[in-house]
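Here are the chains, one letter per residue:
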Amino acid sequence: MSRTVVSKRSYWPRWARRGLMENIATAIIAIGFLMLFQPFALSLYTYSFVTMLTGTVMFIIVSKFPE
Amino acid sequence: MLNRTADNAARATPEPLAKKIRGISDKGLAWLFISPTILLLLAINIFPLFWAIYLSFTNFRANRPNEVVKNLGLSNYQRILGDQDIWIAMQTTAHFVFWTILLQTVIGFTLAWLIDRKFRGHAFWTTIILVPMMLSPAVVGNFWRFLYEPQIGLFSYVISFVTGIPPTNVQMLSNVELAPWAIIIVDTWMWTPYVMLICLAGLRSIPEYIYEAAEVDRASNWRQFWSITLPMALPFIMLAVLFRGIENFKMFDMVNLLTGGGPGSTTEVASITLKRQAFESWRTGYSSAFAIILFVAVFGLANIYVKALNKVKQR
Amino acid sequence: MSLTTAHSVVAPSANSKRIAGVIIVAYALISIVPLLWIFATSFKTPPDSIAYPPKIVFQPSIEGYCNLFTTRTRQTPEYINSLGPATGFCDETVRKRNMVIAGPSNFLPRFVNSLIIAFGSTFCAVFLGTLSAYGFSRFKVPLADDLLFFILSTRFMPPIAVAIPIYLMYRELGLSDTALGMILLYTAVNVSLAVWLLKGFIDEIPREYEEAAMIDGYTRLQAFWRTVLPQATTGIAATAIFCLIFAWNEYAFAALLTSGTAQTAPPFIPTIIGEGGQDWPAVAAGTTIFLVPILVFTILLRKQLLRGITFGAVRK
């Protein structure tokens, strides 16, 4: 799904490009999964849901950012 | 600004044509075509989802619909996310997901890599290999119970014949150590073809000239595999891994029929726990919260999956 | 499978081809054994099916099929002798085991349910899917990407998680354990696949055909009907088969939301029991009957399989 918002490109900060932010969101979701699945600490499991939720919401938002 | 979007919509068909169209405008037609699908999904998927979100904050029990429903706030979520048993169910799921994906990817990629050699009759044998993945996991999974029966089951017989273990001792489904593997074996048998098929597409998408260039550079076969074949097929492998990951994370039918979560709770994956809470203990509010947690996890993966899908599409 | 690229310069040597062939054939043969075993077991007698060691050579019998379609009751030999001559092969086989046929089993109605629900939901999903796919393919729909993602994401929902509110909703609406309820549910699950797959197929049909038809005076709707639909037939057929297979195979929803009149075959087959446990030849017979249509469809579909399992993203 390629979204291009040409008019906004010039104002958009470089660090908030879609590709980079999507990768960060993906990493957060992945970390959430590791926390959900790991057998070491109950507290990590407890916070896995919040992590995954954050990652998913972030993914949805940043996928609207320009490339 | 608004005018411009409307203009763009009209430009989907060339302008002289747009004038010729009688009856419904393109925009109207587009919505007429798309809205039934959206409405159906809203009614059958999204409305229930919001209902489940509402229920997840309550102590509602579906078998006692007349009882007063109390609002519990976030306490259902707190209980699930602090529950030792559900944490263990997650680890059972993780064990299942990890091993099935590892086995399916390794075997599936190897098979694809071999089939890509295009020996005589490869199309026929590929079709044969693909058959298991089209079948019903429930109906075929159920039959595997027979293959796993000690002594009389074909699988157990072959195992005891090959290894020399007494046939009554090969108890795939009732042994605590073996039961998780019994499920992993069936899942791998069934879904390795899926991974294979996608990997095969990945291997075939690699343009030949890259290999030719590598040949000119005298890169060894080993080198070609690691620096051309594997990296170029990687987006496809990822696609297969993500899809199988999502599917196996929510695996229900095969596990339910093979072991039903047993023996004890050694194979109780997340879906089985959810089913027990929702449809046996009838803790509807509690299980709704659990369902939402699983849903968020799956939805997160689905986002990544669609990203992988688009990456492959561009090839 | 398409054979587009042949690595001419870097073609695999004859030897490596031979080794690859041997391994693949071996894998294919091993992986097909459980299916052959189902087929073989369906023609065994119950004692043969539980023999140790498992019997590879046996006297074929259709007792499994007889048991699949009937319910039986045990009777004394005197009572059976007092009956008239057996009316058919099944009658005769059953009497040898000191039983008489009491009536038809539930298999046939469950099988018919599977047919009704699978075909009904497939028709609805493909109908809605074709319209939506055309809409997404040819018009500029605002937020098209988001809508498409939304449509696809509904397919990933864990069935058990969806089943909880659906169960409550259907109870309120009186749809629980009805074919209509199951058709609606399977349509909703399948429509996502249908939209994505068909969008891929319709994208491949050149727009020029419709535009030419519209220059000839057809409206957009007529152009869709006269030019796009006929060209999309292969795609529609392939999509329909995919939807059919899904609805046919589905177990989780069926097991949780149907119990009697609308129950489909997958939750029913595991419950077939004989005297003293599972009646494996009857289960195998039911499984065989259940699997044969899928085998036929798989062979028909083999060129489109890749598309189907990647939601239309990977074409070759």
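Model, not experiment: these values are computed from the prediction.

**Thoughts on the overall build of chain C**
- Looking only at helices and strands, one finds 16 helices and four strands in chain C.
- Over its C-alpha trace chain C gives a radius of gyration of 25 Å, far above what one expects of a compact globule, namely 20 Å for 316 residues.
- Expressed as lengths along the three principal axes of its C-alpha atoms, the size of chain C is roughly 85 × 65 × 40 Å.
- Counting every position in chain C, which comprises 316 residues, the buried fraction comes to 49%.
- The contacts in chain C between residues at least 6 apart in sequence include a share of 74% that link residues at least 24 apart.

**Notes on the overall build of chain B**
- Each helix and strand counted, chain B has 14 helices and zero strands in total.
- The secondary structure elements of chain B, listed N-terminal to C-terminal, are α-α-α-α-α-α-α-α-α-α-α-α-α-α.
- In terms of overall size, chain B is more extended than a compact globule, its C-alpha atoms giving a radius of gyration of 26 Å where 315 residues would be expected to give roughly 20 Å.
- The principal-axis extent of the C-alpha atoms belonging to chain B is close to 80 × 75 × 35 Å.
- Counting all 315 residues of chain B, 47% fall into the buried class.

**Some words on the interface of chain C and chain B**
- At the junction of the two partners, chain C supplies 97 residues and chain B supplies 92 residues.
- Considering every element that reaches the side of chain C that touches chain B, the biggest residue donor is helix α1 (residues 14-42) of chain C, with 16 residues.

**Section: the nonpolar core**
- Counting 201 residues, the largest nonpolar core has L197, I198, C199, L294 and V298 of chain B together with C243 of chain C as its most contacted members.
- With sequence-adjacent residues up to four places away left out, C243 of chain C is seen in contact with T122, A125, V126, N190, L193 and A194 of chain C.

**Things to note about the domain arrangement of chain C**
Residues and elements named next belong to chain C.
- When its domains are assigned, chain C resolves into domain 1 (46-105) and domain 2 (108-309).
- The centre of domain 1, based on its C-alpha atoms, is set 38 Å off from the matching centre of domain 2.
- Of the residues lining the interface, 10 residues belong to domain 1; the matching set on domain 2 comes to 10 residues.
- For the side of domain 1 that touches domain 2, the secondary structure elements donating two or more residues are α2 (46-49) and α3 (63-69).
- If you tally residues by element for the side of domain 1 that touches domain 2, the top one is α3, at six residues.
- When grouped by side-chain class, the residues that make up the side of domain 1 that touches domain 2 number six nonpolar, three polar and one charged.

**What to know about the UniProt feature "transmembrane region" (unreviewed entry) in chain C**
Residue and element names in this part refer to chain C.
- Per the UniProt record, "transmembrane region" (unreviewed entry) is found at residues 20-40, 115-136, 148-170, 182-202, 223-248 and 280-301.
- Taken end to end, residues 20-40 comprises 100% helix and 0% strand; its first and last C-alpha atoms sit 30 Å apart.
- This span, residues 148-170, is 91% helix and 0% strand, and a straight line between its end C-alpha atoms measures 27 Å.

**Quick notes on the environment of A214 of chain B**
Residue and element names in this part refer to chain B.
- Here A214 lies in helix α10 (residues 208-216).
- Separated by 10 residues in the primary sequence, A214 and Q224 have C-alpha atoms spaced 6.9 Å apart.
- Excluding anything up to four places from it in sequence, A214 contacts A219, Q224 and I228.

**Section: the domain arrangement of chain B**
- What the domain assignment lists for chain B is domain 1 (18-47) and domain 2 (75-313).
- The distance between the C-alpha centroids of domain 1 of chain B and domain 2 of chain B comes to 38 Å.

**Quick notes on α1 of chain C**
All names here are of chain C.
- Compared with an ideal rise of 1.5 Å per residue, which puts 29 residues at 42 Å, α1 spans 42 Å between its outermost C-alpha atoms and is within 8% of the ideal.
- By the largest-angle criterion, V33 marks the main kink of α1, which is about 40°, and a proline, P34, follows within four residues.
- If you check which residues of α1 are buried, you get A20, I24, Y27, P34, W37, I38, A40, T41 and S42.

**Observations regarding unusual backbone geometry**
- In this structure, P53 of chain C follows Y52 of chain C across a cis peptide bond, with omega equal to -5°.
- Inspection of the secondary structure assignment puts P53 of chain C in the loop between α2 and α3.
- With phi around 65°, Q151 of chain B is a residue other than glycine that occupies positive phi space.
- Position of Q151 of chain B among the secondary structure elements: in the loop between α7 (137-148) and α8 (154-163).
- At W282 of chain B, a position not held by glycine, the phi torsion is positive, near 55°.

So, how was this worked out
Residues numbered from 1 in each chain as written. Chains lettered and ligands numbered in written order. Predicted model: local features only at pLDDT ≥ 70, side-chain atom pairs only at ≥ 80, totals over all residues. Helix = DSSP H or I, 4+ residues; strand = E, 2+ residues; numbered from the N terminus. Rg over C-alpha atoms; globule rule 2.2 N^0.38 Å. Buried ≥ 20, exposed ≤ 12 C-beta atoms within 10 Å, placed from the backbone. Contact = placed C-beta atoms within 7 Å. Core = buried A, V, L, I, M, F, W, Y, C linked by C-beta atoms within 7 Å. Domains from an automatic or database assignment. Nonpolar A, V, L, I, M, F, W, Y, C, P; charged D, E, K, R; others polar. UniProt positions renumbered as here; feature names shortened; annotations may be inferred. Expected span 1.5 Å × (residues − 1). Bend = angle between axes of the 7 residues up to and from the residue.

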